[in-house]
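# Observations on the three-dimensional arrangement
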Amino acid sequence: TGRGVEKSFPQAFEWTEKACKANHADAQYNLGWFYSRGEGVAQNTDEAMKWFQKAASNGSISAQVVLGEHFLGEKGVEARHEEAAKWFSGAANKGNAQAQFNLATLYLKAAKQQHMNAQHRVAWMLSNGIGVEKNISEAAVWLQSSAKQGHVLSQYSVGLMYFNGAGVEANPTEAAKWFQLAAEKGHKEAQCSLGFMFLNGIGVAANDAEALRWILQAAEQGFADAQHIVGWMYFHGNGVSKDLESALTWFRKAADQGHVRAQCHVGIMLSQVQGVTRKPQEAMKMFRGASNLENGN
């Protein structure tokens, strides 16, 4: 700071450079500023960027923000917006308000140019109040714009918004439409949601066979909720012939992923259901596992 001693940038630069040899992030960040401002050393933007990047890679939030700002192309560095977004995201995820604001501004600029990925990100930030004021209705507008361009996650998200009435008026028929668009592209959560709607006749005519078709696709991708539902359908004979062995197989798949209700169903089948070999020790293990998960242990 120069308090009590004569300020000397060359000497400060020398000590900072020595600290950098120990891979000290703060020292790397400060050395970047020495090069950027030409204090204690000849101004050198390339060297500044090198040290900012080292500091950012070592977890310096300040360096991540500064690096992102340089990649916006406003400080003598070629604009590379994807790089800017990457570094802003790192700092934003750690709660840095400036990075969150910069990231929101960057995505909004691209979103206005009809970039569907940016529109999805803007919607996410608006939904969560990150870098901008929370606004679910405005998030819905951006999500629908992205979804109409074929963004799969946006299509699923629009389906959820119509299903839950979040940011838009609840409309099960619209929800089913958007779930199906995403489901047809292999989105497992959308497949399960669509199957659930067919299973319960929500927004579509009830159809157990269609329900099983979609939920099974999600289950085969390893989605635990879907695996549990497929087990339930085989157990009760909904949309498929009743098959306790298949039911147990699917319940086990979900239970192995920590699905509480599936663990309970495995426990019940192994201890109480006629036609299934009794395995009391394994049943107790499942019940305990479910209990521990419910209690957060």
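See the structure printed just above.
Below you will find a few notes about this structure. All values derive from a computational prediction rather than experimental measurement. (Residues numbered from 1 in each chain as written. Predicted model: local features only at pLDDT ≥ 70, side-chain atom pairs only at ≥ 80, totals over all residues. Heavy atoms only, no water.)

### Comments concerning the side chain of S146
As a reminder of what qualifies: Each helix corresponds to a stretch of at least 4 residues labelled H or I by DSSP, and each strand to a stretch of at least 2 residues labelled E; elements are numbered beginning at the N terminus. Exposure is judged per residue with a 1.4 Å probe applied to protein chains only, and the accessible area is read against the type maximum: over 50% gives exposed, under 20% gives buried, and values in between give partly exposed. We call two residues in contact whenever any of their non-hydrogen atoms come within 4.5 Å of each other.
Assignment of secondary structure puts S146 in helix α8 (residues 136–148). Of the residues examined, S146 reaches a relative accessible area of 0% and is grouped as buried. In this structure, S146 is in contact with M116, Q119, H120, H151 and S154, ignoring residues within four places of it in sequence.

### Digging into the environment of A19
One can find A19 in helix α1 (residues 9–20). In sequence terms A19 and M116 are 97 residues apart; their C-alpha atoms lie 44 Å from each other. If we skip the residues at most four places from it in the chain, A19 touches H24 and A27.

### A few points about the packing of aromatic side chains
The description of an aromatic ring pair uses the distance of the two centres, along with the angle that the planes make with each other. Let me state the cut-off plainly: Each Phe, Tyr or Trp ring, with Trp reduced to its six-membered ring, pairs with another whose centre is within 6.5 Å; inter-plane angles below 30 degrees give stacked pairs, above 60 give edge-to-face pairs, and intermediate values give tilted ones.
By the definition in use, this model includes five aromatic pairs. Here Y29 and F52 contribute two aromatic rings whose centre-to-centre distance is 6.0 Å and whose plane-to-plane angle is 45°, an arrangement assigned as tilted. Of this pair, Y29 sits in helix α2 (residues 25–37) while F52 sits in helix α3 (residues 45–57), placing them 23 residues apart in sequence. Both residues of the pair, Y29 and F52, count as buried. The rings of Y29, W33 and F52 are connected pair by pair, giving a single aromatic cluster.

### Quick notes on the pattern of salt bridges
Our working definition: Within this document, salt bridges are pairs made up of a side-chain nitrogen of Lys or Arg and a carboxyl oxygen of Asp or Glu, the two lying within 4 Å of each other.
Across all of its chains, the model carries five salt bridges by this definition. A salt bridge links E47 to K50, with the nearest nitrogen and oxygen atoms 3.3 Å apart. Within this pair, E47 and its partner K50 are both found in helix α3, separated by three residues, close to a single helical turn. Take E47: its relative accessible area is 22%, and that puts it in the partly exposed class.

### Examining helix α14 (residues 244–255)
To keep it simple, the criterion reads: Expected helix span is taken as 1.5 Å per residue step, with the number of steps being one fewer than the number of residues. Contacts described as polar in this section are N or O atom pairs within 3.5 Å, which, within protein, must combine one atom able to donate a hydrogen with one able to accept it, while residues neighboring in sequence count only if both atoms come from side chains.
Between its first and last C-alpha, α14 extends 16 Å over 12 residues, near the 16 Å set by a 1.5 Å rise per residue. A247, L248, W250, F251, A254 and A255 are the residues of α14 that are buried. Measuring from the side-chain oxygen of the N-cap residue of α14 to the backbone nitrogen of E245 gives 3.1 Å; that N-cap residue is D243.

### Notes on the state of the cysteines
Counted only if it meets this: To count as a disulfide, a pair of cysteine sulfur atoms needs to be within 2.5 Å.
Applying the stated criterion across every chain yields a total of zero disulfides. C192 forms no disulfide, and the closest cysteine sulfur to it belongs to C264, at a distance of 18 Å. For C192, a relative accessible area of 8% gives the class buried.

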